[in-house]
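This is what each chain is made of:
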Amino acid sequence: MGRILIVDDTMFMRTLLKNILFSGGHDIVGEAADGAEALARYRELKPDLVTMDVVMPNVNGIEALKAIKAADPSAKVIMCTAVGQEQMVKLAVKSGARGYIVKPFQAPKVLEEVKNVLSA
Amino acid sequence: MKSVPVKVEHEGKWVPTTMGIGEDRFRIDAPIEREIPYKSVVDLEGKKNQVVINAGAEGELVYRIASVEKVLTVLKKFIITQASAYRLNAFFMSPAIRGGVLIQDARWEKGAIAVMKTGIWFVSQETQVCIPLEDVTGIELTSREIQEKDLDVVKIDHLGENEVVTSFVLCPMTTLQVLYNFLKEATHDTEVSEEVDPLTGQVAMLVYSGMDSSAIENMLKLSHKDLDGIYERLLGMGFAEVLYVRKEVQLTAKGVRYISETVKSPMD
């Protein structure tokens, strides 16, 4: 089970992910609502994994991913985006994302992906 | 025509018999005793170790056949490639997304697509995928980067084993447009025309994600009654179906007595 930081600009999605991950036995160590906050929280909390929304105000998810990977190359980040933005996958993978979740998502698959990334 | 053992449904019962699978037809032996040209097949449904074949001008001849996967795979391949259906050569990727998670090793397969009466079949050398039209939840004509080029594809969202699955079809634009139009028309009944208020939308999203009633109530700070009202709206719009009826109970005097006695210290 992992210590997870959830990054999403909508409280609804953060709460949903929190519930799903909590039901899978994970520890939600923190939340952030934009990319800049994500980097600060990552440095502070050193989570095992980050779920990162792509489209966010101020610093977007891709930029935040790059910043986190620059600060900690071993960081495990799963990107999370809406249907229709799958083209971001390549960019995210290039930038070091370990996994990709497309909204809307289903709990069992999210937990499976988190487990895969944590155990990789 | 080589004979293989199968079971067929006959007068409401599964009956063991043999079946011949030829180049242009198949034969079912007694008690059916019939040869069926593949080109007379108008519909094919695949369910685990069974197929349901509709043949005849109106699909009035229905054959339910059960056998091992190897036999059904060969039979389905002949039917899909020769049946009376809209067929096109295409590349497909199925599944590409499962439950919202991108399948990282998903790849394009070269094969054919057959659009039959109740479903779409993707067939390649290695794969046979059936998407029943009633399970299609979304069709979109979109583009996808393939070998560093943006190419037009049809994206099909569908239900599969309690998960939402996304598949892609790639072929020349003119054929793609025909496929897209056909699928839009065939799935017209499930198009959403209702206005959905934000709270009902959020509840629908949580149900989709697999949250149960208690989790939904907690997350959205809703009472039982409020959530039941929203469920009724979802049911009324055809967005949801009842899985089971939840019971809420309160203890009777007998129940309270049991609890009181259970918690009594042995010293009392």
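Analysis parameters
Residues numbered from 1 in each chain as written. Chains lettered and ligands numbered in written order. Predicted model: local features only at pLDDT ≥ 70, side-chain atom pairs only at ≥ 80, totals over all residues. Heavy atoms only, no water. Axes fitted to C-alpha atoms, helices over the stretch in contact; angles between N-to-C directions. Helix = DSSP H or I, 4+ residues; strand = E, 2+ residues; numbered from the N terminus. Parallel < 35°, antiparallel > 145°, perpendicular 65-115°, else oblique. Left-handed = near helix turned anticlockwise from the far one by under 90°. Contact = heavy atoms within 4.5 Å. Core = buried A, V, L, I, M, F, W, Y, C linked by side-chain atoms within 4.5 Å. Buried < 20%, exposed > 50% of the residue type's maximum accessible area, 1.4 Å probe, protein only. pLDDT = per-residue confidence, 0-100. Salt bridge = Lys/Arg side-chain N within 4 Å of Asp/Glu carboxyl O. Polar contact = N/O pair within 3.5 Å; in protein donor to acceptor, adjacent residues only side chain to side chain. Patch = residues over 30% accessible without salt bridge, like charges linked within 9 Å, V, L, I, M, F, W, Y side chains within 5 Å. Areas by Shrake-Rupley, 256 points an atom, 1.4 Å probe, with all protein chains shown as cover. 1 Å grid on protein atoms, 1.4 Å probe; cavity = no way out; pocket = protein on both sides within 12 Å on 5 of 7 lines; lining within 4 Å. Points joined across faces, edges and corners; volume = space filled by probe spheres on them. Nonpolar A, V, L, I, M, F, W, Y, C, P; charged D, E, K, R; others polar. Domains from an automatic or database assignment. Pairing = 2+ DSSP bridges.

Undergrad: Give a description of the packing of helix H1 (residues 11-23) of chain A against helix H3 (residues 198-209) of chain B that names residues and reports values.
TA: Running from N to C, H1(A) and H3(B) cross one another at 25°; their axes reach a closest spacing of 11 Å. The pairing of H1(A) with H3(B) is recorded here as roughly parallel in orientation. Classified by chirality, the crossing of H3(B) by H1(A) is right-handed. Residue-level inspection shows A:Phe12, A:Leu16 and A:Ile20 of H1(A) in contact with H3(B), the latter providing B:Gln202, B:Met205, B:Leu206 and B:Ser209.

Undergrad: Can you explain the nonpolar core? Please cite residues and give values.
TA: Grouped together as the largest cluster of nonpolar side chains are 32 residues, with contacts concentrated most on A:Val7, A:Val50, A:Met52, A:Ile68, A:Val77, A:Met79 and A:Tyr100. Every residue in contact with A:Val50, bar those within four places of it in the chain, is listed here: A:Leu5, A:Val7, A:Tyr42, A:Lys76, A:Val77 and A:Ile78. Ranked by size, the runner-up nonpolar core spans 31 residues in total, among them A:Ala107, A:Val114, B:Met211 and B:Leu222.

Undergrad: Which residues make up the confidence of the model for chain B, and what values do they have?
TA: Residues and elements named next belong to chain B. Of the residues in chain B, 99% have a pLDDT of 70 or more, and the chain-wide mean is 88. When mean pLDDT is taken per element in chain B, strand E2 (residues 13-21) scores highest with 95 and helix H6 (residues 253-263) scores lowest with 82. The ipTM, which scores confidence in the relative placement of chains, is 0.81 for this predicted complex, and the corresponding pTM is 0.74.

Undergrad: Now, about the interface of chain A and chain B: what can you tell me, with residues and values included?
TA: With 22 residues of chain A in contact, the opposing surface of chain B contributes 25 residues. Linking chain A with chain B are one salt bridge. A salt bridge links B:Glu163 to A:Lys109; the shortest N-O distance between them is 3.4 Å. The tally of links from chain A across to chain B stands at seven residue pairs in polar contact (both at pLDDT 80 or more). Residue assignment for the side of chain A that touches chain B shows that the elements contributing at least two residues are H1, helix H4 (88-94), strand E5 (99-103) and helix H5 (107-119) of chain A.

Undergrad: Let's hear about the pattern of salt bridges: which residues, and what values?
TA: Residue and element names in this part refer to chain B. Summed over the entire model, instances satisfying the criterion amount to 18 salt bridges over all chains. The residue Asp29 makes a salt bridge to Arg27 at a minimum N-O spacing of 2.6 Å. Given the relative accessible area of 15%, Asp29 is considered buried. One salt bridge connects Glu163 with Arg98, and the closest N-O pair in it is separated by 2.7 Å. Here Arg98 lies in strand E8 (residues 86-98) and Glu163 lies in strand E15 (residues 163-170), a separation of 65 residues in the sequence. Look at Arg98 and you get partly exposed, because its relative accessible area is 23%.

Undergrad: A description of a nonpolar patch on the surface should follow, citing residues and the corresponding values.
TA: A contiguous nonpolar patch, built from B:Leu251, B:Val256, B:Tyr258, B:Ile259 and B:Val263 and spanning about 530 Å² of accessible area, is present on the exposed surface. You can see B:Ile259 is positioned in helix H6.

Undergrad: Lay out the packing of H3(B) against helix H4 (residues 213-220) of chain B with the relevant residues and their values.
TA: All names here are of chain B. The geometry of H3 relative to H4 is characterised by a closest axis approach of 10 Å and an angle of 140° between their N-to-C directions. In terms of axis orientation, H3 runs oblique to H4. Crossing geometry of H3 relative to H4 is assigned as right-handed. Where H3 abuts H4, its residues Leu199, Gln202, Val203, Leu206 and Val207 lie against Ile216, Met219 and Leu220.

Undergrad: If you had to explain the layout of surface pockets to someone new, which residues and values would you point to?
TA: Residue and element names in this part refer to chain B. Reported here for the second largest pocket is a volume of approximately 1,000 Å³. In terms of lining residues, the second largest pocket is bounded by 35 residues, among which Gly46, Gln128, Val129, Cys130 and Glu161 are the most central. Listing elements by their share of the lining of the second largest pocket, those giving two or more residues are strand E5 (41-47), helix H1 (69-82), E8, strand E11 (119-124), strand E12 (128-132) and strand E14 (149-160). For the lining of the second largest pocket, the residue count by class is 12 nonpolar, 12 polar and 11 charged. Two domains each donate at least three residues to the lining of the second largest pocket, and these are domain 1 (1-84) and domain 2 (85-191).

Undergrad: Could you give an account of the sheet that holds strand E3 (residues 25-28) of chain B, with specific residues and numbers?
TA: Residue and element names in this part refer to chain B. Reading across the sheet, the seven strands line up as E4-E3-E2-E1-E7-E6-E5 and stay open at both edges, with antiparallel pairing between neighbours. Strands with a single pairing partner mark the edges of an open sheet, and in this sheet they are strand E4 (34-37) and E5. Here the strands of the sheet are splayed against their neighbours by 30° on average, with no regard to which way each runs. As paired strands, strand E6 (residues 50-55) and strand E7 (residues 61-66) are joined by six bridges and run antiparallel to one another. Opposite Val51, over in E7, you have Ile65 as the bridge partner. Strand contacts of H1: strand E1 (2-10), E2, E3, E5, E6 and E7, with the helix running at about 25° to E6, the strand carrying the most contacts.

Undergrad: Summarise the side chain of A:Asp53; cite the residues concerned and give the values.
TA: Residue and element names in this part refer to chain A. You can see Asp53 is positioned in strand E3 (residues 49-53). Residue Asp53 is classed as buried on the basis of its relative accessible area of 3%. Among the polar contacts made by the side chain of Asp53, one reaches the side chain of Lys103 at a distance of 3.2 Å. Residues in contact with Asp53, not counting those within four places in the same chain, are Val7, Asp8, Asp9, Gly61, Met79, Cys80, Thr81 and Lys103.

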